[in-house]
Amino acid sequence: MAGRYQSDLRWSDVTPREVFMNRRSVLAGMSAAGLVGTRAEASNDLVPNTFEEITSYNNFYEFGWGKDDPKKYAGALTTDPWAITIDGLVDNPGTYDIADILKGKSIEERIYRFRCVEAWSMVIPWNGFELKDLLDQAGVQPSAKYVAFETLLRPAEMPGQRSGSIDWPYREGLRLDEAMHPLTLMATGIYGEPMPNQNGAPIRLVVPWKYGFKSIKSIVRVTLTDTQPVNTWNVLQPREYGFYSNVNPEVDHPRWSQAEERRVGGGLFARKVPTLMFNGYEEEVASMYAGMDLREFF
Amino acid sequence: MLFPMIATATQNVNGVLRSFPTWPVYLIGALPPVWWFYLGVTGGLGVEPIREFEHLLGELALQMLVVVLAITPLRQFTGIALIKFRRALGLLSFYYITCHLLVWLVLDVGDLAKVWADIVKRPYITVGMAAFVLLIPVAATSNNYAIRKLGAPKWRRLHQLSYLAAILGAVHFVMLAKTWHAEPLLYLAVVCGLLAVRALPKWKRMRA
């Protein structure tokens, strides 16, 4: 069911793609001339990034370590046919074709902030449906407490998977209440176009109040469990990446500050802007973590 | 030189090198940061130009340090003498490191209080900063006047600070990667290798 989450951002807020660059250069010119401040108000200044920006600066290590590697190499990924296995503590386990999964789902547009753990950010107009709709269909059993996700494992098409530094496939997980939250999206597109391969085609998770690596791409498995699932970065660097990984300007990454972020697309003279608690979704999600020490459960 | 042909070839190479002036090295070497700045302003460095500019400069600086450290072993093992260009290449690497630091200071962080906090708090930045500081006296004495003033032995000892700086530079690269990457580790291995071969001639002399 669409429309449960009411964003204060409407589709009409999205600047048409063609005029972005003009708008930016006008703003840049004004700031250079001292007409407007160079420091943006905060990261709640929600002008979506261009399609070009969103699709050319990606962390998708299955295709390489470079930010431009996914765009270069993800073209080789076969996304049709595509199936997702739904298993674990569900009433209707099975492997479902993506067409069957999408049947009856209303795809809606959600303009979300996207904050990478590396302290850069974008604003992305996603298309997708709420994960809750899929979980309801699968029939979550009362004993389930977590949802685990897995990315496709296909070294033949994913060159990064041929190297051994990560224990592929990429894995992520959410607590059940996080997974059922109306903000949590299964995204199938950007800007009304099918999900580009480098952004996690054909279907990926989007959890806007968490660091980007939680929003697992190219999902082939969803498993309901009663134990906390492993997540790849936590396994690699447990001191640096936690299970929760909620965006939090007060809890620094051991190697860098999380208090600020740089919006991709601002050019060579872009200033950093303050990072917002829960990436600006505090009102919607903070209650799920009431009483938790967010330094301990980072 | 065991083989006369190789010896002749080496002499020829050295002859060409001798006739080549050093000023074009300074001139050409000065260009990359300027060119990247131009690209950054005009959109040629991708959608995150600050990070790209910073990384390009850091990597070039490290590459140039490797080249400078390779000059002595290259002469020892092949007889090819690049020593004439060592000062220029060394100063260029210091210039790249300075640009790298300036991009971080001005474009990336842009706030002196935060810069200091980062230097104190973030080990990879502390290490990188230490490498830069070690190279200041080396760069400042990269001239004939300083050699005369200090005397060759003292001057040489002072310039061995660049060995430590190169190691710290490579460690800085290793530390900032998200996980163990091959590339930074390779730089570290090459730097360590180039320093290790400096111990070889003494050992070879002892055997002779």
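Before reading on, note that the structure itself is shown above.
Residues numbered from 1 in each chain as written. Chains lettered and ligands numbered in written order. Predicted model: local features only at pLDDT ≥ 70, side-chain atom pairs only at ≥ 80, totals over all residues. Heavy atoms only, no water.

**Student:** Before we move on, could you go through the interface of chain A and chain B and cite the residues and values that matter?
**Tutor:** The interface of chain A with chain B comprises 31 residues on the first partner and 25 residues on the second. A combined buried area of about 2,300 Å² lies between chain A and chain B, and 52% of that area is made up of carbon and sulfur atoms. At the boundary of chain A and chain B, one finds six salt bridges. One salt bridge connects Lys 272 of chain A with Asp 108 of chain B, and the closest N-O pair in it is separated by 3.4 Å. (Contact = heavy atoms within 4.5 Å. Buried area = accessible area lost by both parts, 1.4 Å probe. Salt bridge = Lys/Arg side-chain N within 4 Å of Asp/Glu carboxyl O.)

**Student:** Please give an account of the side chain of Ser 121 of chain A that cites residues and values.
**Tutor:** Residue and element names in this part refer to chain A. Within the element layout of this structure, Ser 121 appears in strand β4 (residues 120-130). Separated by 2.9 Å, the side chains of Ser 121 and Glu 261 make a polar contact. Apart from residues lying up to four places away in sequence, Ser 121 is in contact with Phe 114, Arg 115, Glu 261, Arg 262, Arg 263 and Val 264. (Helix = DSSP H or I, 4+ residues; strand = E, 2+ residues; numbered from the N terminus. Polar contact = N/O pair within 3.5 Å; in protein donor to acceptor, adjacent residues only side chain to side chain.)

**Student:** With reference to specific residues and values, describe the pattern of salt bridges.
**Tutor:** All names here are of chain A. If you walk through the whole model with that rule in mind, you get 24 salt bridges over all chains. Put simply, Glu 172 and Lys 214 hold a salt bridge, and the shortest N to O gap is 2.7 Å. Residue Glu 172 is located in strand β6 (residues 171-175), and its partner Lys 214 is located in the loop between β9 (204-206) and β10 (219-225); the two are separated by 42 residues in the primary sequence. Exposure remark for Glu 172: the relative accessible area of 1% places this residue in the buried category. (Buried < 20%, exposed > 50% of the residue type's maximum accessible area, 1.4 Å probe, protein only.)

**Student:** An account of the packing of aromatic side chains is needed here, citing residue identities and associated values.
**Tutor:** Going through the model one piece at a time under the given rule, you end up with 22 aromatic pairs over all chains. Here Trp 35 of chain B and Tyr 38 of chain B contribute two aromatic rings whose centre-to-centre distance is 5.5 Å and whose plane-to-plane angle is 25 degrees, an arrangement assigned as stacked. Note that Trp 35 of chain B and Tyr 38 of chain B are positioned in helix α2 (residues 23-41) at a spacing of three residues, about one turn of the helix. Among the residues examined, Tyr 38 of chain B registers a relative accessible area of 47% and is labelled partly exposed. Geometrically, the ring pair formed by Phe 94 of chain B and Phe 132 of chain B is stacked, given 5.6 Å between the ring centres and 5 degrees between the ring planes. In this pair, Phe 94 of chain B sits in helix α4 (residues 86-109) while Phe 132 of chain B sits in helix α6 (residues 123-140), placing the two residues 38 residues apart along the sequence. Look at Phe 132 of chain B and you get buried, because its relative accessible area is 13%. Put simply, the rings of Tyr 146, Phe 243, Tyr 244, Phe 278, Tyr 289 and Phe 297 of chain A touch in pairs and so form one group of aromatic residues. One residue, Lys 67 of chain A, lies across the ring of Tyr 57 of chain A, its end atom 5.7 Å from the ring centre. (Phe/Tyr/Trp six-rings, centres within 6.5 Å; stacked < 30°, edge-to-face > 60°. Lys NZ or Arg CZ within 6 Å of the ring centre and 35° of its normal.)

**Student:** Lay out the environment of Ile 147 of chain B in plain terms, naming residues and giving numbers.
**Tutor:** Residue and element names in this part refer to chain B. Its place among the elements puts Ile 147 in helix α7 (residues 144-150). Using a relative accessible area of 27% as the deciding quantity, one classes Ile 147 as partly exposed. Those residues in contact with Ile 147, other than ones at most four positions away along the chain, are Arg 87, Ala 152 and Trp 155.

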